[in-house]
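# Observations on the model geometry
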Amino acid sequence: MDAICDQIDFSLDDAIVLQRIKEMAAGRYVELTTVEAAGYSIEQIMTFKKAGLLIGMRDTEHAKDYIMLTPKTINGLQAIAATYDNDVVSVPKVNIADVEEMMAAASKVFQKYQ
């Protein structure tokens, strides 16, 4: 994953934020106020814009600001998604007897301090 992030020139943390912005978009762009209401600051948005990951637009007729993902960002998010699609996740087997034993021990501790 580090190699993909180096190649696309943004971090996995940035990708998470950018993916959330992408999901907020109705079509190609999203209102800046919507992004702010979701908890993202103007400083974060400006950092992404300076890095070439977002484009800002202003609708002067309706006095609204919009942002949209750049092609670089969209390609990067697709590269990350493709990497996850190709990864095989191995889930360890869980022994139910071990789980029951841990639950019984936790129950004893809980009863002791109740």
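Residues numbered from 1 in each chain as written. Predicted model: local features only at pLDDT ≥ 70, side-chain atom pairs only at ≥ 80, totals over all residues. Heavy atoms only, no water.

What follows is about the overall build of the protein. Across its full length, the protein carries six helices and three strands. Along the protein, from the amino end to the carboxyl end, the secondary structure elements read α-α-β-α-α-β-β-α-α. Burial status across the protein gives 24% buried among its 114 residues. Pairs at least 24 residues apart make up 50% of the contacts formed inside the protein by residues separated by at least 6 positions. (Helix = DSSP H or I, 4+ residues; strand = E, 2+ residues; numbered from the N terminus. Buried < 20%, exposed > 50% of the residue type's maximum accessible area, 1.4 Å probe, protein only. Contact = heavy atoms within 4.5 Å.)

A few words on the nonpolar core. Generally speaking, soluble globular proteins have nonpolar side chains that are buried together. Residues Phe10, Leu18, Ile21, Val35, Ile45, Leu54 and Ile67 are the most contacted members of the largest nonpolar core, which totals 20 residues. Every element with two or more residues in this core is listed here: helix H1 (2-8), helix H2 (12-24), helix H3 (32-37), helix H4 (42-50), strand S3 (64-69) and helix H5 (71-86). Looking at which element gives the most residues to this core, the answer is H2, with four residues. Apart from the residues within four sequence positions on either side, Leu54 is in contact with Leu18, Ile21, Ile45, Phe48, Lys49, Ile67, Met68, Leu69, Thr70 and Thr73. (Core = buried A, V, L, I, M, F, W, Y, C linked by side-chain atoms within 4.5 Å.)

Turning to the side chain of Thr83, a few remarks are in order. Note that Thr83 resides in helix H5. You can call Thr83 buried: its relative accessible area is 16%. For Thr83, the side chain forms a polar contact with the main-chain oxygen of Ala79, separated by 2.9 Å. (Polar contact = N/O pair within 3.5 Å; in protein donor to acceptor, adjacent residues only side chain to side chain.)

Another point: the packing of aromatic side chains. For the structure on display, the rule yields one aromatic pair. On the numbers, 5.7 Å between centres and 65° between planes, the contact of Tyr29 with Tyr66 is edge-to-face. Within this pair, whereas Tyr29 is found in strand S1 (residues 29-31), its partner Tyr66 is found in strand S3, the two being separated by 37 residues in sequence. Residue class for Tyr29 comes out partly exposed when judged on its relative accessible area of 41%. Here Tyr66 falls in the buried class, since its relative accessible area comes to 19%. (Phe/Tyr/Trp six-rings, centres within 6.5 Å; stacked < 30°, edge-to-face > 60°.)

Located in the positive-phi region is Asp9, a residue other than glycine, with phi close to 70°. For Asp9, the location among the structural elements is in the loop between H1 and H2. The exposed category is assigned to Asp9, whose relative accessible area is 58%. In this structure, Ala63 is a non-glycine residue whose phi angle is positive, near 55°.

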